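Residue-level structural notes
Chain by chain, the residues:
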Amino acid sequence: MPTVDQSPASIQVLTDREDQVWTKGSGKQFACDRKSTAGSVTQRACAFCGSRVVLYPIADALHIVHGPIGCAVYNWDIRGAQSSGPQLHRNSFSTDLAEKEVVFGGEKKLQASLLELIRYYRPKAAFVYSTCIVGLIGDDVEAVCKTVSRETGIDVIPVDSPGFKGTKKTGYEAACKAAYRLVGTGDTSGISRYSINLLGEFNIAGEAWLIRRYFEQIGIQVVSTITGDGRVDDLRRCHGASLNLVQCSGSMTHLAQLLERDHQIPSHRVSFFGFEDTARALYAAAEFFGDPEIMRKAQELVRSEIATYAPQLKAYKQRLKGKKAALYVGGAFKAFSLVLALRSLGMQTVLAGTQTGNAEDYEQLKAICDPGTVIVDDSNPLELAKFVLEKDVDLFIGGVKERPIAYKLGVAFCDHNHERKIPLAGFEGMLHFAREVAESALSPVWQFAPRRAMRHHQLSTNGGEA
Ligand code: SF4
């Protein structure tokens, strides 16, 4: 009976994607920031999903997906973004378009749905997401939103996000444009000159609350977190803040640019993953305000947090030393932080990739990775599997779509995406991260996975040499 070659070498990278796969030290050209190759089965979500997940955490707004029910279900409550109050965002309302609307149009159904939902839930604002079907049948969503807005007295905002419109990044931009319609419509009185907005912090497992506490502790007011425990009224007045700190730059750069263009608010890219990056973010804000007292408090906070958590991290580092990790995440800034955080745990990143990185991001990623690291842009499951096996990784870090790849290959997995339930940001989060990584990568269960079992077998039959 013919046998199937299941070795990693048998998995070919698609010809059209060859320049989106790069090995440090190879000297090859690297391409990124382009539409997914047809047939590649990209790990990326569609443009609609991009905009839906960015606006999702605005908890007191109504979110309605104008399209077939499948689009709404696809990303229903998929983020662990917590709200300290309203939970309206966790619903996935849909106009449930079917054949009738495809033939005769869906505007009437959208209008009726909006009126019914707004009267019932009394939201602070409403976002209407266009999906592929709406892009095709050409409903005038903007006009329906205007009519309903007039009738109900609340802002009803179209999000121009048909799935086919571009990449997930296109959806991010549509979300920023939609959110920006609310900016500048609120009262900014009472906002300190030492104030920031946190952009692209999604309050997964309550991380924004942790970060907000750091800033409040050093004397900086957080006006809005927009994408984490977000509120419509905060968004309306966020133009009163002095500085924007952008964590998920892929999703929020456009909004930061609009705030800089129209309200002269500078922005700074930060990350709150790992000791180094969290400290750097706090110092960057303190430096911006130029107040010695804020800087003193920031240094004190960093010192005290590191003194609390560093000893426990050291214990994990001893156990994890020499382990190899693969990571595939949405945005590039998270990838940088993860490479550094893993290094601080004694681990080496041998495969790193992102869904939405741009050329500048990848230059930075290439610079911090070790020689031999494979870097992939907009990858697919087969490619990821190939390199996970080739590099013989001990741990795969990614999100919900990478988890089955890891488990099928018998590799430990750590969820660092929006579905996770444990806060991984900040100083305390770094300890949670180390614990997650250690518990997963060092679990005895992996020795029974076929891949490892094979290695054990080879070791014993070859007298110790695999
Ligand atoms: S918007 Fe289009 S691509 Fe996105 S989930 Fe709906 S049908 Fe699929």
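Preceding this section is the structure that the text describes.
The following paragraphs examine the structure supplied in this document.

Cut-offs used in this document
Residues numbered from 1 in each chain as written. Predicted model: local features only at pLDDT ≥ 70, side-chain atom pairs only at ≥ 80, totals over all residues. Heavy atoms only, no water. Near = heavy atom within 4 Å. Nonpolar A, V, L, I, M, F, W, Y, C, P; charged D, E, K, R; others polar. Pairing = 2+ DSSP bridges. Helix = DSSP H or I, 4+ residues; strand = E, 2+ residues; numbered from the N terminus. Axes fitted to C-alpha atoms, helices over the stretch in contact; angles between N-to-C directions. Contact = heavy atoms within 4.5 Å. Buried < 20%, exposed > 50% of the residue type's maximum accessible area, 1.4 Å probe, protein only. Expected span 1.5 Å × (residues − 1). Phe/Tyr/Trp six-rings, centres within 6.5 Å; stacked < 30°, edge-to-face > 60°. Lys NZ or Arg CZ within 6 Å of the ring centre and 35° of its normal. Polar contact = N/O pair within 3.5 Å; in protein donor to acceptor, adjacent residues only side chain to side chain. Parallel < 35°, antiparallel > 145°, perpendicular 65-115°, else oblique. Left-handed = near helix turned anticlockwise from the far one by under 90°. Core = buried A, V, L, I, M, F, W, Y, C linked by side-chain atoms within 4.5 Å.

Attention now goes to the site of the ligand. Contacts to the ligand come from C46, F48, C71, Y74, T131, C132 and G163. For the shell around the ligand, the per-class residue count stands at 5 nonpolar, 2 polar and no charged.

Attention shifts here to the sheet that holds strand β14 (residues 412–415). In space, the 6 strands of this open sheet follow the order β1-β12-β11-β10-β13-β14, with mixed pairing throughout. Here the strands that pair on one side only, and so sit at the sheet edges, are β1 (21–23) and β14. If you compare each strand with its neighbour and ignore which way they point, the axes differ by 15° on average. Examined bridge by bridge, strand β10 (residues 324–329) and strand β13 (residues 395–398) share 3 bridges and lie parallel to one another. Residue pairing in the sheet places A326 in a bridge with F396 of β13. Those strands touched by helix α15 (residues 381–390) are β1, β10, β11 (348–354), β12 (374–377) and β13, and its axis lies near 170° from that of β12. Across the sheet, helix α17 (residues 426–441) is in contact with β13 and β14; its angle to β14 comes to roughly 155°.

Turning our eyes to something else, we now look at the pairing of β13. Residues of β13 alternate between two faces, with L395 and I397 on one and F396 and G398 on the opposite face, all of them buried. Relative to β14, β13 runs parallel, the two being bridged by 4 bridges. Residue pairing for β14: L395 is matched across the bridge by A412.

With that out of the way, let us pick up the environment of L198. Mapped onto the elements, L198 comes out in strand β6 (residues 195–199). You can call L198 buried: its relative accessible area is 1%. For the pair L198 and V270, spaced 72 residues apart in the sequence, the C-alpha separation amounts to 9.6 Å. When sequence neighbours within four positions are dropped, the list of residues in contact with L198 reads I211, F215, V222, S224, T225, I226, L245 and F272.

For helix α4 (residues 107–121), which comprises 15 residues, the first-to-last C-alpha distance of 21 Å matches the rise-based estimate of 21 Å (1.5 Å per residue) to within 8%. All of the buried residues along α4 are L110, S113, L114, L115, L117 and I118. Check the buried side of α4 and you find it contacts β2 (61–66), β3 (93–94), β4 (125–130), α6 (141–152) and β5 (155–159).

Given two aromatic rings, one states the distance between the centres and the angle between the planes to describe the pair. For the structure on display, the rule yields 14 aromatic pairs. Geometrically, the ring pair formed by F48 and Y129 is edge-to-face, given 6.2 Å between the ring centres and 80° between the ring planes. In this pair, F48 is assigned in helix α1 (residues 47–55) and Y129 in strand β4, connecting sequence segments 81 residues apart. Taking 5.5 Å as the distance between ring centres and 80° as the angle between the ring planes, the aromatic pair formed by Y194 and F289 counts as edge-to-face. Of the two residues, Y194 sits in the loop between α7 (168–180) and β6 while F289 sits in helix α11 (residues 275–289), which places them 95 residues apart along the sequence. Classification of F289 as buried rests on a relative accessible area of 10%. One aromatic cluster in this structure is built from F396, Y407, F413 and W446. Over the aromatic face of F202 sits the side chain of R79, whose NZ or CZ is 4.6 Å from the ring centroid. The cationic tip of K366 hangs over the ring face of W22; the distance from NZ or CZ to the ring centre is 4.6 Å.

Mapped onto the secondary structure, D155 falls in strand β5. Sequence separation between D155 and V41 is 114 residues, and the spatial gap between their C-alpha atoms is 37 Å. Among the polar contacts made by the side chain of D155, one reaches the side chain of R236 at a distance of 2.9 Å.

Taken N-terminus to C-terminus, the directions of α4 and α6 make an angle of 30°; their axes are 10 Å apart at the nearest point. Considering their axes alone, α4 and α6 lie roughly parallel with respect to each other. When you trace α4 past α6, the crossing you get is right-handed. Mapping the contact onto sequence places E107, L110, Q111, L114, L115, I118 and R119 in α4 and V141, V144, T147, V148, E151 and T152 in α6. Across the contact of α4 with α6, the residue classes break down as 7 nonpolar, 3 polar and 3 charged.

With that settled, consider α17. Helix length check: α17 (16 residues) gives 22 Å between terminal C-alpha atoms against 22 Å at 1.5 Å per residue, within 8%. For α17, the buried fraction is high: 12 of the 16 residues fall into the buried class. Turning to α17, its buried residues number three or more, namely G426, F427, G429, M430, L431, H432, F433, A434, V437, A438, S440 and A441. The secondary structure elements touched by the buried residues of α17 are α8 (207–217), α11, α12 (292–320), α13 (332–344), β13 and β14.

The next thing to look at is the nonpolar core. Of all hydrophobic cores here, the largest spans 67 residues; its most connected members are I196, F215, L327, L365, F427 and F433. For F215, the residues in contact, after removing those within four places along its chain, are I196, L198, I220, V222, L245, F272, L282 and A285. Y56, F202, A205 and V232 belong to the second largest nonpolar core, which has 38 residues in total.

All right, on to the sheet that holds strand β9 (residues 267–269) then. The sheet built from 4 strands is open, its strands ordered β7-β6-β8-β9 with parallel pairing. Each of the sheet's edge strands pairs with one partner strand only, and the pair in question is β7 (221–224) and β9. Neighbouring strand axes in the sheet, compared pairwise and without regard to direction, differ in orientation by 35° on average. As paired strands, β6 and β7 are joined by 3 bridges and run parallel to one another. If you follow I196 over to β7, its bridge partner there is V222.

Fair warning: the whole summary comes from geometry, so function is off the table for now.
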